[in-house]
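Observations on the model geometry
Read off the chains here:
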Amino acid sequence: MTTHAAPSRRAPQGLLARLNNSSHRAALNTFMVVVLAHWAEHIAQAYQIWGLGRPIPKARGLLGQEFPWLVTSEWMHYGYALIMIIGLFLLRPGFVGRGRTWWTVALGIQFWHHIEHLLLLLQAQTGHFLFGKAVPTSVLQLVFPRVELHLFYNTIVFIPMVIAMYYHLRPNRQELSAMTCSCQHAVHRHEAVAAA
């Protein structure tokens, strides 16, 4: 007579599996710190332009005050756009249901935002500017000024991210049963506190 052992639950293997299971909550928190730091830069720059009346070249955000070359470096802007798309892509498998839908919306919008920054970077590196302009210009910059455009881009990526996080941390029963990431422990703690 042969007996079968119950299948053991092994920890997921590989970086992507860990990011979306045992380390999902920590990875999301780290990613959100990066996103909020970037927001702080844009908000500071907007305040410098519209609150303090500085000309755009003198409105350098927070880090740009100490390191002015950061604001004019297309590498820095492209690097952040790349970090965003990589983070959104890598952390997506940990989401389920409505949260995953909204996270995917943010990923799609960020993909286009990344393309715009790639166009700017390539123009800055080659010295060949599109659309007959004297400076690197993205597609939607033909219609909107750069500062306002990138505030808009960051807003329309951030809003679905926040909605995704809300649904991820407040899943319905079906979503909760499908969750395999470390965030489900926070959901259970939240439910226990709410029930008390």
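Presented here is an overview of the structure given in this document. (Residues numbered from 1 in each chain as written. Predicted model: local features only at pLDDT ≥ 70, side-chain atom pairs only at ≥ 80, totals over all residues. Heavy atoms only, no water.)

With that settled, consider the packing of aromatic side chains. Taken as a whole and judged by the stated rule, the model has 5 aromatic pairs. Ring centres of W39 and F158 lie 5.7 Å apart, and the angle between their planes is 70°; on these two criteria the pair is classed as edge-to-face. With W39 in helix α2 (residues 24–51) and F158 in helix α7 (residues 146–169), the pair connects residues that are 119 residues apart, well separated along the chain. Residue W39 is classed as buried on the basis of its relative accessible area, which comes to 15%. Exposure remark for F158: the relative accessible area of 19% places this residue in the buried category. Arranged with centres 4.4 Å apart and planes meeting at 20°, the rings of F95 and W103 form a pair that is stacked. For F95, a relative accessible area of 1% gives the class buried. (Phe/Tyr/Trp six-rings, centres within 6.5 Å; stacked < 30°, edge-to-face > 60°. Helix = DSSP H or I, 4+ residues; strand = E, 2+ residues; numbered from the N terminus. Buried < 20%, exposed > 50% of the residue type's maximum accessible area, 1.4 Å probe, protein only.)

To continue, consider the environment of Q110. Here Q110 shows up in helix α6 (residues 97–126). Its relative accessible area of 1% is what places Q110 among the buried residues. Taking the C-alpha atoms as reference, Q110 lies 7.9 Å from Y153; in sequence the two are 43 residues apart. If we ignore the near neighbours within four places in the chain, the residues touching Q110 are A81, M84, I85, L88 and V157. (Contact = heavy atoms within 4.5 Å.)

Now for empty space enclosed by the protein. Empty space among the atoms can be located by rolling a probe the size of a water molecule over them. This structure, assessed with the given rule, holds 1 cavity of 30 Å³ or more. The computed volume of the largest cavity comes to approximately 50 Å³. Along its surface, the largest cavity is lined by V35, H38, W39, H42, Y80, M84, N154, V157, F158 and M161. Residue assignment for the lining of the largest cavity shows that the elements contributing at least two residues are α2, α5 (74–91) and α7. (1 Å grid on protein atoms, 1.4 Å probe; cavity = no way out; pocket = protein on both sides within 12 Å on 5 of 7 lines; lining within 4 Å. Points joined across faces, edges and corners; volume = space filled by probe spheres on them.)

It is worth spelling out the pattern of salt bridges at this point. Applying the stated criterion across every chain yields a total of 2 salt bridges. As a salt-bridge pair, R146 and E74 come within 2.8 Å of each other at their nearest N and O atoms. Placement of the pair is R146 in helix α7 and E74 in helix α5, with a sequence separation of 72 residues. One salt bridge in this structure joins R98 and E175, with 2.9 Å as the shortest N-O distance. Of the two residues, R98 sits in helix α6 while E175 sits in helix α8 (residues 173–178), which places them 77 residues apart along the sequence. Using a relative accessible area of 31% as the deciding quantity, one classes R98 as partly exposed. The exposure class of E175 is buried, given its relative accessible area of 7%. (Salt bridge = Lys/Arg side-chain N within 4 Å of Asp/Glu carboxyl O.)

To continue, consider α6. Taking 1.5 Å as the rise per residue, α6 with 30 residues should run 44 Å; its terminal C-alpha atoms sit 43 Å apart, in good agreement. All of the buried residues along α6 are G99, W103, A106, L107, Q110, H113, H114, E116, H117, L120, L121 and Q123. The elements touched by buried residues of α6 are α2, α5 and α7. Immediately beyond the C-terminal end of α6, within one or two residues, lies G127, with a positive phi of roughly 80°. (Expected span 1.5 Å × (residues − 1).)

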